[in-house]
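# Architecture at a glance
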Amino acid sequence: MFRGIKFLPHVTRINFVGQRFYGFALSIAIIIGTFGLVAFKGLEFGIDFSGGIQMEVRADHRVDLAELRTQLNALDAGEIELQGMGDSGREVMIRIPAFEDEATQNAALKRVRDSLGPSFEDRRTEVVGPKVGDELIRDGLLATLLAIAAIAGYVWLRFEWQFGVGAMLTLLHDVIATLGFYALTRLEFSLTSVAAVLTVAGYSINDTVVIYDRVRENLRKYKKMPILELLNLSVNETLSRTILTGGTTILSVLAIALFGGEVLRAFALALIWGVVIGTFSSVYISLPVLYYFKLRDLDAIAPLEEPETAEKP
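Below you will find a few notes about this structure. These figures come from a predicted structure and were not determined experimentally.

### Side note on the pattern of salt bridges
Considering all chains together, one arrives at eight salt bridges under this definition. With a closest N to O distance of 3.6 Å, Glu217 and Arg214 form a salt bridge. Separated by three residues within a single helix, Glu217 and Arg214 lie in helix H7 (residues 191–221), roughly one turn from each other. By relative accessible area, Glu217 is classed as partly exposed at 39%. Here Arg214 falls in the partly exposed class, since its relative accessible area comes to 26%. Each of the salt bridges in this network shares a partner with another, and the network as a whole consists of Glu44, Arg95, Arg186 and Glu188.

### With respect to the layout of surface pockets
Estimated volume of the second largest pocket: approximately 290 Å³. Gly140, Leu141, Thr144, Leu179 and Phe189 are the residues nearest the centre of the second largest pocket, which is lined by 16 residues in total. Listed by contribution, the elements that provide at least two residues to the lining of the second largest pocket are helix H5 (130–158), helix H6 (161–185) and H7. Here the lining of the second largest pocket takes six residues from H5, the largest share from any one element. Here the residues of the lining of the second largest pocket sort into 14 nonpolar, two polar and no charged.

### A closer look at unusual backbone geometry
If you check the backbone angles, Arg186 has positive phi at about 60 degrees while not being a glycine. With respect to the secondary-structure elements, Arg186 resides in the loop between H6 and strand E6 (188–189).

### Focus: the packing of helix H1 (residues 20–40) against H6
Viewed as axis vectors pointing N to C, H1 and H6 meet at an angle of 50 degrees, and their least axial separation amounts to 8 Å. By the angle class used here, H1 and H6 are oblique. The hand of the H1/H6 crossing is left-handed. Contact residues: Ser27, Ile30, Ile31, Thr34, Phe35, Leu37 and Val38 in H1; His173, Ile176, Ala177, Leu179, Gly180, Ala183 and Leu184 in H6.

Procedures and definitions
Residues numbered from 1 in each chain as written. Predicted model: local features only at pLDDT ≥ 70, side-chain atom pairs only at ≥ 80, totals over all residues. Heavy atoms only, no water. Salt bridge = Lys/Arg side-chain N within 4 Å of Asp/Glu carboxyl O. Helix = DSSP H or I, 4+ residues; strand = E, 2+ residues; numbered from the N terminus. Buried < 20%, exposed > 50% of the residue type's maximum accessible area, 1.4 Å probe, protein only. 1 Å grid on protein atoms, 1.4 Å probe; cavity = no way out; pocket = protein on both sides within 12 Å on 5 of 7 lines; lining within 4 Å. Points joined across faces, edges and corners; volume = space filled by probe spheres on them. Nonpolar A, V, L, I, M, F, W, Y, C, P; charged D, E, K, R; others polar. Axes fitted to C-alpha atoms, helices over the stretch in contact; angles between N-to-C directions. Parallel < 35°, antiparallel > 145°, perpendicular 65-115°, else oblique. Left-handed = near helix turned anticlockwise from the far one by under 90°. Contact = heavy atoms within 4.5 Å.

In structure tokens:
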């Protein structure tokens with residue numbers, strides 16, 4: 001009879017919580033690195049946040065980006081940025097900076113289109129004003145913070161306050177680390193990137209809740225077990241599920257990164273990073289928090305009911 005493939009031993013005994021200081025050191029390095037990158041280099045804001053005009057054009061010949069950049073920058077339409085797309089050398093993304101009024105912006109767009117001529121096909125054009133971009137930055141930040149607060153509140157009510165604090169710290173860590181990934185790789189940060197950050201938070205908390213649920217079960221089951229040993233037991237019992245879920249998720253998102261085109265590539269790469277960092281934080285952030293907040297002293301956790309036994313005659 002076929003019983004399936006075992007990727008890991010039935011019970012592993014890896015001392016994850018005992019190595020928490022290495023995890024803390026890596027997390028602190030990631031957070032400090034993120035703040036440094038954002039402060040000195042900033043994020044590569046897309047048209048959604050920075051405002052301006054973004055065009056995707058396709059030529060009937062291979063494009064010399066240097067020559068085209070010189071041609072367009074002579075139009076008095078601001079500092080125009082060009083970026084090649086795809087492998088054919090014929091697709092180009094053109095970014096025109098935002099102007100104070102709509103009439104000036106439309107005039108700049110017309111000059112660029114006239115300069116490109118009939119040999120370029122305008123495949124997509126987006127126009128976002130500077131005020132709209134500022135509003136989207138504010139709304140995106142607010143949406144992220146509200147999502148973190150709502151998730152932490154749910155975990156607090158579902159378990160205990162120690163679990164809620166651990167979940168919130170884990171989510172903040174993952175969001176900051178994902179922003180650092182965008183700042184380091186210089187991938188465009190747009191509304192799609194906000195969706196990627198929230199998706200990473202959702203994946204991370206899913207993994208964290210699975211481990212937390214096993215911790216709560218073991219607290220009821222092993223009342224005299226030292227807390228460090230109990231936390232290690234819990235994460236080892238869920239390790240196979242964590243690795244298989246993360247691995248299959250990465251394979252799915254990798255297909256999007258490879259074959260989804262330029263628009264979805266930044267989103268997919270951020271998700272791959274998020275799965276890795278989310279798995280890491282579920283083990284090395286969420287669990288040690290329970291230890292430092294003296295989870296073993298909880299009196300609110302009721303013992304498991306003993307199974308009923310039939311009375312002897």
